[in-house]
Amino acid sequence: MRFREPLLGGSAAMPGASLQRACRLLVAVCALHLGVTLVYYLVGRDLSRLPQLVGVPTPLQGSSNGAAAIGQPSGELRPRGAAPPPPLRTSSKPRLGGTSNPDADSRPGPGPGPGPGSNLTSAPVPPATALSLPACPEESPLLVGPMLIEFNIPVDLKLVEEQNPKVKVGGRYTPKDCISPHKVAIIIPFRNRQEHLKYWLYYLHPILQRQQLDYGIYVINQAGESMFNRAKLLNVGFKEALKDYEYNCFVFSDVDLIPMNDRNTYRCFSQPRHISVAMDKFGFSLPYVQYFGGVSALSKQQFLTINGFPNNYWGWGGEDDDIFNRLAFKGMSVSRPNAVVGKCRMIRHSRDKKNEPNPQRFDRIAHTKETMLSDGLNTLTYLVLDVQRFPLYTEITVDIGTPS
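Cut-offs used in this document
Residues numbered from 1 in each chain as written. Predicted model: local features only at pLDDT ≥ 70, side-chain atom pairs only at ≥ 80, totals over all residues. Heavy atoms only, no water. Helix = DSSP H or I, 4+ residues; strand = E, 2+ residues; numbered from the N terminus. Buried < 20%, exposed > 50% of the residue type's maximum accessible area, 1.4 Å probe, protein only. pLDDT = per-residue confidence, 0-100. Contact = heavy atoms within 4.5 Å. Pairing = 2+ DSSP bridges. Axes fitted to C-alpha atoms, helices over the stretch in contact; angles between N-to-C directions. Disulfide = S-S within 2.5 Å.

Peer 1: What's the story with unusual backbone geometry in this structure? I'm lost.
Peer 2: Most of the time, phi is negative for any residue but glycine, and the peptide bond is trans. Notably, Phe 284 is not glycine yet its phi reads approximately 55°, a positive angle. One can find Phe 284 in the loop between β6 (278-279) and β7 (295-299). Note on Phe 284: relative accessible area 31%, which makes it partly exposed. Backbone geometry at Asn 307 places phi at a positive 60°, although glycine is not the residue there. Asn 307 gets classed as buried once you look at its relative accessible area, which sits at 10%.

What follows is the structure, given as structure tokens:
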């Protein structure tokens, strides 16, 4: 007994005292556990408030490292060093004339952000956008092939509007069930050809939609009574269309030419494309190998490479041969559809006033190589007088000056 007394605290120690202290400690731990559990239940499992309730300071409170500073929702904890959650998406309005993505002009924006009663800790559901659509096929399944083209029935543009309800104001169209890689601006040089334009719109809008193109129609109207300048108007159309949308392809079309087969696609290829290869006025054949007139297509890069078209061809003729020469001098070749697919009809008409044959055209064609770098997009001057967005096309009236 003398050996154990010091361990029990001397004569004051009594049998069972150690067990009594152990029981008291266990009761205290149980009470603390019950209290913590009760607090946890009352705050609705919001652990971020637990330090505040028990009086323990936290770096998330009143500090530059707090939730407000790091953009973390106040009801969410994460381990030290963990990456913050992605910011919640907010709503925004769609932009007109968007980026290379069609329709940027017509793309839906992100959906509405979370409201006051939403669960901020849940991941936002991505909205359905045009990016979720598949790419349009290389060849559209909507094409019908050869078509009958007639010009003996008057065209009512109001009826054409009703027949093309998916075409937006300004003559813009984007396929709704797929994403087209072909963002095409169709440029029409124009003056006093309203009846021809009606036929063109009547036939071409359905064709272009079946070809599943992301397209816009631009009629470049030459103001005044000076000599007509087709190539300069096409340069203007290129510049003005790019102010609307990021087109990557440009189709330059006379207003009196209609394709007879919708498989003759109005889009760009790896080489410059001549589309109107078999016109009825030439017996449905190519008049000569270098012919590049009527309807042609160049990508944006191809057009920039040749410095656009010449500005100094006033009157009829020559500019298409100059364009062909520019392509050849830059190492490009012309691609064409076959003569069956490439058939076109021309609306018969007498030659326009102030569009008589250009007597200087042959001399200018002979000097294309010397003039192409100093006559084109880099020397283009014009004044926009008016822009009108009609239901089926955009008309841009311009002053392009007079022959020098």
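What follows continues from the structure just given.
Peer 1: I tried to follow the confidence of the model for the chain on my own but got confused; where do I start?
Peer 2: Close reading of the predicted structure is inappropriate where its pLDDT is low. Chain-level pLDDT for the chain is 80 on average; 72% of the residues reach the 70-or-more range. Under a pLDDT of 50 for its full length, residues 1-13 has, in the predicted model, two contacts with residues more than four places off or in other chains. Note that residues 56-128 has pLDDT below 50 and, in this model, 95 contacts with residues that lie over four places away or in other chains.

Peer 1: Would you mind going over the pairing of strand β1 (residues 183-190) with me for this structure?
Peer 2: A regular strand places its side chains on the two faces of the sheet in alternate fashion. Within β1, eight of the eight residues are buried, which leaves it mostly tucked inside the rest of the structure. In β1, alternate side chains face the same way, and those of Lys 183, Ala 185, Ile 187 and Pro 189 on one face and Val 184, Ile 186, Ile 188 and Phe 190 on the other are all buried. As defined by bridge partners, β1 adjoins strand β2 (residues 214-222) across eight bridges and the pair is classed as parallel. Along β2, the bridge assignment pairs Val 184 with Tyr 215.

Peer 1: Could you clarify how one ought to interpret the sheet that holds strand β5 (residues 273-274) in this entry?
Peer 2: For sheets, the rule is that strands pair by backbone hydrogen bonds, running either parallel or antiparallel. One open sheet accounts for seven strands, arranged β5-β7-β3-β1-β2-β10-β9; its pairing is mixed. A single partner strand is all that each edge strand has here, and the edge strands are β5 and β9 (383-389). Packed on one face of the sheet, helix α5 (residues 194-210) meets β1, β2 and β3 (249-253) and runs near 170° to β2.

Peer 1: Teacher, can you tell me more about the state of the cysteines here?
Peer 2: Between two cysteines, a covalent bond joining their sulfur atoms is known as a disulfide. In total, this model carries two disulfides according to the counting rule given. Across the disulfide, Cys 136 is cross-linked to Cys 178 (sulfur-sulfur distance 2.0 Å). The chirality of the disulfide connecting Cys 136 with Cys 178 is right-handed, given an S-S dihedral of about 85°. With Cys 136 in the loop between α3 (67-70) and α4 (157-163) and Cys 178 in the loop between α4 and β1, this residue pair connects regions lying 42 residues apart in the sequence. Judged by its relative accessible area of 10%, Cys 136 falls in the buried class. The exposure class assigned to Cys 178 is buried, which follows from its relative accessible area of 6%. Disulfide pairing places Cys 249 opposite Cys 268 at an S-S distance of 2.1 Å. Around the S-S axis, the bridge from Cys 249 to Cys 268 shows a dihedral of about 85° and counts as right-handed. Pair noted here: Cys 249 is in strand β3 and Cys 268 is in the loop between β4 (257-259) and β5, with a separation of 19 residues, a long-range link.

Peer 1: Would you explain the sheet that holds β6 in this entry?
Peer 2: Taken together, the three strands give an open sheet; going across it, the order is β4-β8-β6, and neighbouring strands pair in mixed fashion. Two strands in the sheet have a free side with no partner beyond their single neighbour: β4 and β6. Examined bridge by bridge, β6 and strand β8 (residues 343-346) share two bridges and lie parallel to one another. The residue bridging Met 279 from the neighbouring strand is Cys 344, located in β8.

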